[in-house]
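Topology and contacts: notes
For reference, the chains in residue letters:
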Amino acid sequence: MYTALWNTNVRFTLCKNNAILDRKHKYSIENNADKRRIALERYQQILEHALYREALQKINIYEKDRKFCCHTLEHFCDVARIMYILALEEQSDLEQDVIYATALLHDIGRVIEYKDGTPHDKASQDMAKIILTDIGYNADEIQLIIDAIGSHRKKEEPEHTLASYLYRADDLSRNCFACAMTKECYWDETRKNHTLTL
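Residues numbered from 1 in each chain as written. Predicted model: local features only at pLDDT ≥ 70, side-chain atom pairs only at ≥ 80, totals over all residues. Heavy atoms only, no water.

**Considering the overall build of the protein**
Per the secondary structure count, the protein includes eight helices and three strands. Counting from the amino terminus, helix and strand elements in the protein follow one another as β-β-β-α-α-α-α-α-α-α-α. The proportion of buried residues among the 198 residues of the protein is 43%. About 11,200 Å² of surface is accessible on the protein, with carbon and sulfur atoms providing 52% of the total. (Helix = DSSP H or I, 4+ residues; strand = E, 2+ residues; numbered from the N terminus. Buried < 20%, exposed > 50% of the residue type's maximum accessible area, 1.4 Å probe, protein only. Areas by Shrake-Rupley, 256 points an atom, 1.4 Å probe, with all protein chains shown as cover.)

**Considerations on the environment of lysine 129**
In this fold, lysine 129 is placed in helix H6 (residues 120-135). Taking C-alpha positions, lysine 129 is 8.7 Å from isoleucine 145, a pair spaced 16 residues apart along the chain. Not counting residues within four places of it along the chain, the set of residues in contact with lysine 129 comprises Ile142 and Ile146. (Contact = heavy atoms within 4.5 Å.)

**Focus on the packing of aromatic side chains**
All chains considered together, the criterion is met by three aromatic pairs. Note on tyrosine 62 and tyrosine 114: the rings are 5.3 Å apart at their centroids and 40° apart in plane angle, and the pair reads as tilted. Taken as a pair, tyrosine 62 in helix H2 (residues 50-62) and tyrosine 114 in helix H5 (residues 110-116) lie far apart in primary sequence, 52 residues in all. For tyrosine 62, a relative accessible area of 42% puts it in the partly exposed group. (Phe/Tyr/Trp six-rings, centres within 6.5 Å; stacked < 30°, edge-to-face > 60°.)

Functional significance is not addressed by these values, which are geometric in nature.
Here it is as structure tokens:
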């Protein structure tokens, strides 16, 4: 049985039979149920992080009268689920917790964009780095996630990267076909989802 621990330095470790494994040895976890449990604990830490909670609350205030798509927790979760489905369908080796962390954080910088005009992808990168470091993601995971967030507004090649999954899922998460504001929306017509897309 593996147990997740966060020590006083907020470094993520795993314990089995009193042996401590660094997070970078994630492939040594053989039990998928344990991997899933640990991933869920990491998502929860993102959701409970003070910076994340405050930003999400302020985004909701800034967007309370917005008629177009909003940047809510529901949007973040939709993007996460779609990213994960794409990764599974395409047999990607990306870890679920990295996919979900990317989606949960990709638009969190909207709060800064509304405040001072900083592009939200850049602001989201900065905020994600703080949150992920506090939670205990390792440097490689953080770099992968912030790189994907930084390029999520443009189509990314090659196709099977974290950034490309984020770009595609962010678009697929929007139900343009059912939106009353479709005609007024600034999105290019070729990017809008005029039908339910699978």
